[in-house]
Amino acid sequence: MADVEWALKGELVLSCNCTVFCPCVISLGQHPPTEGYCQTWAGFRVDNGYYGDTDLSGLNLGLIMEIPGYMSRGNWTAGLFVDKRASIYATKAFTKIFTGKAGGTTSLLSILVGNFLGVQQEPISYEVEDKKRIVKIPKIIDGIVSPIPGKNHGEDTVISNSEYWIAPEIIVAKSERSKMRAFGRNWNFAGRSAEICALDWSGPN
């Protein structure tokens, strides 16, 4: 039973195979991805975080997911990359959070993910240059994501007040570079849909 208090605050970026902005964000999983299936990787920068007495601050993460059709129908496949600097206790905590076993924001993953590929500890960097987000896991993820400019000069295109489970405000973005090789996958989503969101997750409630 999930009974340990936890929280993650920071930022996340997501790059997927959708040819235009991901319809799952607007439809809340009731519309299929543009290719009929979803392949995606995400990078996470945890500025402040904890799981019980375990400090998770200052660590980065990577996640890959495959969804065979409608997001809401489940049967997802997922694999997790945890910062090489993380302690064994932090790694266990992140695993509980990203498998949904810790409850709270990510609890739906315990229902929707049918195949968990496992956890790998790797050196992970998450950097911001101007408005670009640069995520790198050597020989695994090489990504650069940039926001789509909005009508007002200097402002991004933003979806706000959404019930999307990842975040209520989503910056609409595009991948300038998006390569992922791991778990027998070889993806390249350059020029395709991406998202940038504030990370503000917690549990167990």
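Calculation criteria
- Residues numbered from 1 in each chain as written.
- Predicted model: local features only at pLDDT ≥ 70, side-chain atom pairs only at ≥ 80, totals over all residues.
- Heavy atoms only, no water.
- Helix = DSSP H or I, 4+ residues; strand = E, 2+ residues; numbered from the N terminus.
- Rg over C-alpha atoms; globule rule 2.2 N^0.38 Å.
- Buried < 20%, exposed > 50% of the residue type's maximum accessible area, 1.4 Å probe, protein only.
- Contact = heavy atoms within 4.5 Å.
- Areas by Shrake-Rupley, 256 points an atom, 1.4 Å probe, with all protein chains shown as cover.
- Lys, Arg positive; Asp, Glu negative; His and termini not counted.
- Charge placed at Lys NZ, Arg CZ, Asp CG, Glu CD.
- Core = buried A, V, L, I, M, F, W, Y, C linked by side-chain atoms within 4.5 Å.
- Salt bridge = Lys/Arg side-chain N within 4 Å of Asp/Glu carboxyl O.
- 1 Å grid on protein atoms, 1.4 Å probe; cavity = no way out; pocket = protein on both sides within 12 Å on 5 of 7 lines; lining within 4 Å.
- Points joined across faces, edges and corners; volume = space filled by probe spheres on them.
- Nonpolar A, V, L, I, M, F, W, Y, C, P; charged D, E, K, R; others polar.

Participant: Go over the overall build of the chain with me, naming the residues and quoting the values.
Facilitator: A tally of regular secondary structure across the chain gives three helices and 13 strands. Whereas a compact globule of 205 residues would reach a radius of gyration of roughly 17 Å, the chain reaches 16 Å, a difference of no more than 12%. Looking at the chain as a whole, 50% of its 205 residues are labelled buried. Within the chain, counting contacts between residues at least 6 apart in sequence, those at least 24 apart form 66% of the total. Carbon and sulfur atoms provide 48% of the accessible area of the chain, an area that totals close to 9900 Å². When the 20 basic and 21 acidic side-chain charges of the chain are each reduced to a single mean position, those positions are 8 Å apart.

Participant: Break down the nonpolar core for me, citing the residues and quoting the values.
Facilitator: Residues Leu8, Phe44, Phe94, Phe98 and Trp201 are the most contacted members of the largest nonpolar core, which totals 43 residues. Elements with a contribution of two residues or more to this core: β1 (6–16), β2 (38–51), β4 (59–67), β5 (76–83), α2 (88–98), α3 (109–112), β11 (170–182) and β13 (193–203). Excluding anything up to four places from it in sequence, Phe44 contacts Glu11, Leu12, Leu59, Asn60, Leu61, Leu63, Phe98, Tyr126, Leu199 and Trp201. Ranked by size, the runner-up nonpolar core spans 19 residues in total, among them Phe81, Val145, Ala182 and Trp187.

Participant: Please provide a residue-by-residue account of the pattern of salt bridges, values included.
Facilitator: Two side chains carrying opposite charge are able to pair once their charged atoms lie near each other. A full pass over the atoms with the stated rule returns ten salt bridges. Salt-bridge contacts for Arg85 lead to Asp83; the nearest nitrogen and oxygen are separated by 2.6 Å. Its salt-bridge partner being Glu176, residue Lys132 comes within 3.6 Å of it at the nearest N-O pair. A residue pair is termed long-range when its members are at least 10 positions apart, and Lys132 in strand β8 (residues 132–137) and Glu176 in strand β11 qualify at 44 residues. When its relative accessible area of 36% is taken as the criterion, Lys132 is described as partly exposed. With relative accessibility at 42%, the residue Glu176 sits in the partly exposed group. Look at the salt bridges and you will find they share partners, linking Glu11, Arg45, Asp47 and Arg133 into a network.

Participant: Tell me about unusual backbone geometry, and name the residues and values.
Facilitator: Here the bond from Gly203 into Pro204 is cis, since omega is 10°, no more than 30 degrees from zero. You will see that Asn75, though not glycine, has its phi angle at about 60°, which is positive. Following the sequence through the fold, Asn75 ends up in the loop between β4 and β5. The phi dihedral of Asn161 falls on the positive side, at around 60°, and the residue is not glycine. Mapped onto the elements, Asn161 comes out in the loop between β10 (158–159) and β11. Residue classification places Asn161 among the exposed residues on the basis of a relative accessible area of 75%.

Participant: Explain empty space enclosed by the protein to me, using residue names and the numbers behind them.
Facilitator: On inspection of all chains with the given rule, the structure shows two cavities of 30 Å³ or more. Taken together, 14 residues make up the lining of the largest cavity; nearest its centre are Leu14, Cys38, Thr40, Met71 and Tyr164. When grouped by side-chain class, the residues that make up the lining of the largest cavity number twelve nonpolar, one polar and one charged. Volume-wise, the second largest cavity comes out at about 60 Å³.

Participant: I'd like a rundown of the side chain of Ser175, residues and numbers included.
Facilitator: As for its placement among the helices and strands, Ser175 is situated in strand β11. Look at Ser175 and you get buried, because its relative accessible area is 1%. In contact with Ser175, other than residues within four places in its own chain, are Ser15, Ile144, Val145, Phe189, Ala190, Gly191, Arg192, Ser193 and Ala194.

Participant: Could you give an account of the environment of Thr54, naming the residues involved and the relevant values?
Facilitator: Note that Thr54 resides in strand β3 (residues 54–55). It is 9.2 Å that separates the C-alpha atoms of Thr54 and Ser87, two residues lying 33 residues apart in sequence. When sequence neighbours within four positions are dropped, the list of residues in contact with Thr54 reads Gly49, Tyr89 and Ala90.

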